[in-house]
Amino acid sequence: MRTTGGTIVFGIDEKSGFAVSGVYDIQDLQHRVTQQCAEMSPIVRALFTSAEIDGRMVVSAEIPPAEPVQRPVFYRGRGRLGGSFVRVGDADEPMTEFEIYSYEAYRRHEYADRRIIETADMSLFDNDRLAAYVRSIKTDRPNLAAIVPDAEIPAKMGLEKDGHPSIAGLMTFSACPQIALPQLCITAVVVPGESIGKAGQAGIRFAENRQITGAIPEMLDGAEAFVSRNAARANAFTKDGKRIDRREYPMIAVREAILNALVHRDYSPFTESCPIRIEMYPDRLEITNKGGLYGAAPLSALGRIDIGKRNPLLVDTLEHIGKTENRNSGIATMREECTCAGLPPPEFSVVHGEFKVVFRNRRPEDDVVFDRRKAEETLLSFCRTPRSREELSAFTGRTQSYTMHYLVRPLVAAGKLAMTNPAMPKDPTQRFIRV
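Residues numbered from 1 in each chain as written. Predicted model: local features only at pLDDT ≥ 70, side-chain atom pairs only at ≥ 80, totals over all residues. Heavy atoms only, no water.

Caption draft 1: Molecular detail of the state of the cysteines. The tally for this structure, following the rule as stated, stands at zero disulfides. Here C176 is not cross-linked by a disulfide; its sulfur's nearest cysteine counterpart is in C185, at 9.9 Å. Here C176 falls in the partly exposed class, since its relative accessible area comes to 28%. (Disulfide = S-S within 2.5 Å. Buried < 20%, exposed > 50% of the residue type's maximum accessible area, 1.4 Å probe, protein only.)

Caption draft 2: Focus on the pairing of strand β18 (residues 347-351). Direction of pairing for β18 relative to strand β19 (residues 354-360): antiparallel, over a ladder of five bridges. Across the sheet, F348 pairs through a bridge with V357, a residue of β19. Hairpin connection of β18 to β19: two residues between the antiparallel strands, including H352 at a positive phi of 50°. (Pairing = 2+ DSSP bridges. Helix = DSSP H or I, 4+ residues; strand = E, 2+ residues; numbered from the N terminus.)

Caption draft 3: Main features of the pattern of salt bridges. Taken as a whole, this structure holds 18 salt bridges when the rule is applied. Close ionic contact of K138 with D150 constitutes a salt bridge, the shortest N to O distance being 3.1 Å. Here D150 lies in the loop between α5 (142-147) and α6 (153-156) and K138 lies in helix α4 (residues 127-140), a separation of twelve residues in the sequence. Taking the relative accessible area as the measure of exposure, K138 reaches 31% and is therefore partly exposed. For D150, a relative accessible area of 39% gives the class partly exposed. For E354, the salt bridge is made with K290, and the minimal N-O distance between the two is 3.9 Å. One end of the pair, E354, is in strand β19; the other, K290, is in strand β17 (residues 284-290), with 64 residues separating them in the sequence. Within the structure, one salt-bridge network assembled from shared partners comprises R277, E279, K290 and E354. (Salt bridge = Lys/Arg side-chain N within 4 Å of Asp/Glu carboxyl O.)

Caption draft 4: Looking closely at the side chain of D427. Residue position: D427 is located in the loop between β20 (417-419) and β21 (432-434). It turns out D427 is buried and unbridged, and the closest side chain with the opposite charge, R389, is 6.6 Å from it. (Lys, Arg positive; Asp, Glu negative; His and termini not counted.)

Caption draft 5: Just the sheet that holds strand β5 (residues 47-53), in detail. With antiparallel pairing, three strands are arranged side by side in an open sheet as β1-β6-β5. Only two strands of the sheet have a single partner each, and these edge strands are β1 (6-10) and β5. Averaged over all adjacent pairs, the angle separating strand axes in this sheet is 20°, with direction ignored. The pairing of β5 with strand β6 (residues 56-63) spans seven bridges and is antiparallel. Its bridge partner lying in β6, A51 is registered against V58. Packing of helix α1 (residues 26-38) onto the sheet brings it into contact with β1, β5 and β6, and relative to β5 it is tilted by some 150°. (Axes fitted to C-alpha atoms, helices over the stretch in contact; angles between N-to-C directions. Contact = heavy atoms within 4.5 Å.)

Caption draft 6: Empty space enclosed by the protein, seen in detail. By the definition in use, this model includes two cavities of 30 Å³ or more. Roughly 80 Å³ of internal volume is contained in the largest cavity. Along the walls of the largest cavity sit Y101, S102, A105, E110, Y111, A112, D266, Y294 and R310, which together make up its complete lining. Of the residues assigned to the lining of the largest cavity, the class counts are five nonpolar, one polar and three charged. Estimated volume of the second largest cavity: approximately 40 Å³. Lining the second largest cavity, in full, are M171, L184, C185, M219, L262, R265, Y267 and I276. Considering only residue class, the lining of the second largest cavity consists of seven nonpolar, no polar and one charged. (1 Å grid on protein atoms, 1.4 Å probe; cavity = no way out; pocket = protein on both sides within 12 Å on 5 of 7 lines; lining within 4 Å. Points joined across faces, edges and corners; volume = space filled by probe spheres on them. Nonpolar A, V, L, I, M, F, W, Y, C, P; charged D, E, K, R; others polar.)

Below, the structure is given as structure tokens:
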């Protein structure tokens, strides 16, 4: 059942263009629906309304939203696992075991970042970083420092127990958490085509494919460097005519999105085999992590209210080592940075327990006036003199990624453009000239 409730309308024929067909017996219909609602757990109380349209009766049943602590609402005849459904588009799909667990963990106030990893020990910790954390705790919480010896602070704060680290401790202080949990990493790819599976020029599936590992601070820096390295740089001009180098994506926004994925992903056993994914396409950047929105807030509330924290210990720990502010400013920063860069706002979605952020590198209206054939003709004329990637991007007025993938490389493949150094296609000094 949808967590926001909903309305069911009887007496409308969807297959006939939503023509009014009417109901056979209002009282019998209400009785049957009430019986079905009574078979749910918890019991659902529907509110019925009837109206006459074109001489036929139409009935609506309004289903109230369930309180967060009652979710998921499920059909008792099939049990919690088999009888819980989620609305995806126009279809009702069975909820996964992880989705059901997410609701139960929220209801029970269970936090996966406190989970102890028995297969790891404290020898994996970076002692210098841990010592800096202890000093920060002692400064911010003098009452704790007065009664707890330094050596016991990590255990008191939930970072370890009996010599074994918690998820929060492992992901913050370990030199390599992936020794214990190999898939708690980031996979990052550059996709030449419009989607994964569609090969680009010369049958290349990925222009670059990396696995980024380490503790959260290292993965954050490594992922930011990956995006920065593979994002195009376009030439732009200030109001006074000064030429500047502009990134394809605002990197402050990208870093915030990566940090959010690392901090707010689900760290339960259900998802420890699922890495965070960064996928760079010619027209967009996608960052996906396991774990939808935490708690009861709808997606529309993201960045506007505090929706709670799935991993409060991890957030607090990272704040003490200076990696996060813990002030709910990340989403607002992403939106503001994209606006300042003249780009569409980031897009957020949650599907089957996965949270995704999408950054677009151009506005949809830019494509409306784009004539590819004319662009190719003018580009060929421009390349009577050898041109660099930067010059080509500035000439087309589009990002370097788009210019290379959708204009230059097809012309090279067609034999209309040639590389000055074909033996080294990725040579930074590469130039392109008309054949």
